[in-house]
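If you want the building blocks of each chain, they are given just below.
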Amino acid sequence: MKALFIGRFQPFHLGHLSLIQQLSNQYELIIIGIGSSQYHDISDNPFSEDERYQMITQSLDAVGIHKYRIVSIPDIHNPPQWVDHVCSIVSDFDLIITNNPFTKKLFSEKGYMVKGTTYFDWKRFSGKEIRRRMAEDEPWSDLIPKVVFKIIQDIDGVNRVKRISH
């Protein structure tokens, strides 16, 4: 079975990594959808599609996960059409992995199998929390894979987050 896991990955963090590690033992392929892929350099989406792609691939390669494919899913801001939009980009999945109630509802209404994820410490392992910590000079590097930390350093990502969050 092939599972589709959609997220914005702003940034890719240890919660994402733990989930994908778990999923890779359960499914033949994890299709990772980079949601809102067209956005970058704004407070909710500071990192570009390419930067997020690098964060994901380098993190998964570092732990030996190779049963995945990444697809870009731009946002269309039209919830009734969103599932059809996603399916026009990637159609070869058997189920959706999400804990997002709205995503669950939209895919379930269209007849797709939807499974929730194991809960990690989502208050701590959340892109929003990590970006807040970056902006406020609070510790955050322990919440992301080491390769993601290096990418963020290399692109001066902390200063970008600070600049666009205030």
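Residues numbered from 1 in each chain as written. Predicted model: local features only at pLDDT ≥ 70, side-chain atom pairs only at ≥ 80, totals over all residues. Heavy atoms only, no water.

Caption draft 1: Structural view of the pairing of strand E1 (residues 2-7). Where burial is concerned, most of E1 is hidden: 5 out of the 6 residues are buried. Both E1 and strand E2 (residues 29-35) contribute to a ladder of 6 bridges, which runs parallel. Residue Gly7 lies in a different strand from E2, and its bridge partner there is Ile34. By the bridge criterion, 3 bridges tie E1 to strand E4 (residues 95-97) in an arrangement that is parallel. Paired with Ala3 across the strands is Leu95, a residue of E4. (Buried < 20%, exposed > 50% of the residue type's maximum accessible area, 1.4 Å probe, protein only. Helix = DSSP H or I, 4+ residues; strand = E, 2+ residues; numbered from the N terminus. Pairing = 2+ DSSP bridges.)

Caption draft 2: Structural context of the nonpolar core. Counting 32 residues, the largest nonpolar core has Phe12, Ile30, Ile32, Ile56, Leu60 and Ile152 as the members making the most contacts within it. Within the residue set of this core, elements represented by two or more residues are E1, helix H1 (14-24), E2, helix H2 (49-62), strand E3 (68-73), E4, helix H5 (127-135) and helix H6 (146-154). Looking at this core, the element that brings in the most residues is H1, giving 4 residues. Ignoring any residue separated from it by four or fewer positions in sequence, one finds Ile152 in contact with Pro11, Phe47, Met55, Met134, Trp140, Ile144, Gly157 and Val158. With 15 residues, the next largest nonpolar core counts Ile73, Val83, Cys87 and Phe107 among its residues. (Core = buried A, V, L, I, M, F, W, Y, C linked by side-chain atoms within 4.5 Å. Contact = heavy atoms within 4.5 Å.)

Caption draft 3: Here's a closer look at the sheet that holds strand E5 (residues 113-115). The sheet built from 5 strands is open, its strands ordered E3-E2-E1-E4-E5 with parallel pairing. This sheet does not close on itself; its edge strands, each paired only once, are E3 and E5. If you compare each strand with its neighbour and ignore which way they point, the axes differ by 25° on average. (Axes fitted to C-alpha atoms, helices over the stretch in contact; angles between N-to-C directions.)

Caption draft 4: Molecular detail of the layout of surface pockets. A volume near 920 Å³ is recorded for the largest pocket. Lining the largest pocket are 32 residues, with Ile6, Gly7, Arg8, Thr98 and Asn100 sitting closest to its centre. Taken together, the elements giving at least two residues each to the lining of the largest pocket come down to E1, H1, helix H3 (79-89), helix H4 (101-109) and H5. Computed from the structure, the second largest pocket encloses a volume of approximately 150 Å³. Contributing to the lining of the second largest pocket are Ser43, Asp44, Pro46, Lys128, Arg131, Arg132, Ala135, Glu136, Val161, Ser165 and His166. Sorting the residues of the lining of the second largest pocket by element identifies H5 and helix H7 (157-165) as the ones contributing at least two each. With 4 residues, H5 is the single largest residue contributor to the lining of the second largest pocket. Its residues placed into classes, the lining of the second largest pocket shows 3 nonpolar, 3 polar and 5 charged. (1 Å grid on protein atoms, 1.4 Å probe; cavity = no way out; pocket = protein on both sides within 12 Å on 5 of 7 lines; lining within 4 Å. Points joined across faces, edges and corners; volume = space filled by probe spheres on them. Nonpolar A, V, L, I, M, F, W, Y, C, P; charged D, E, K, R; others polar.)

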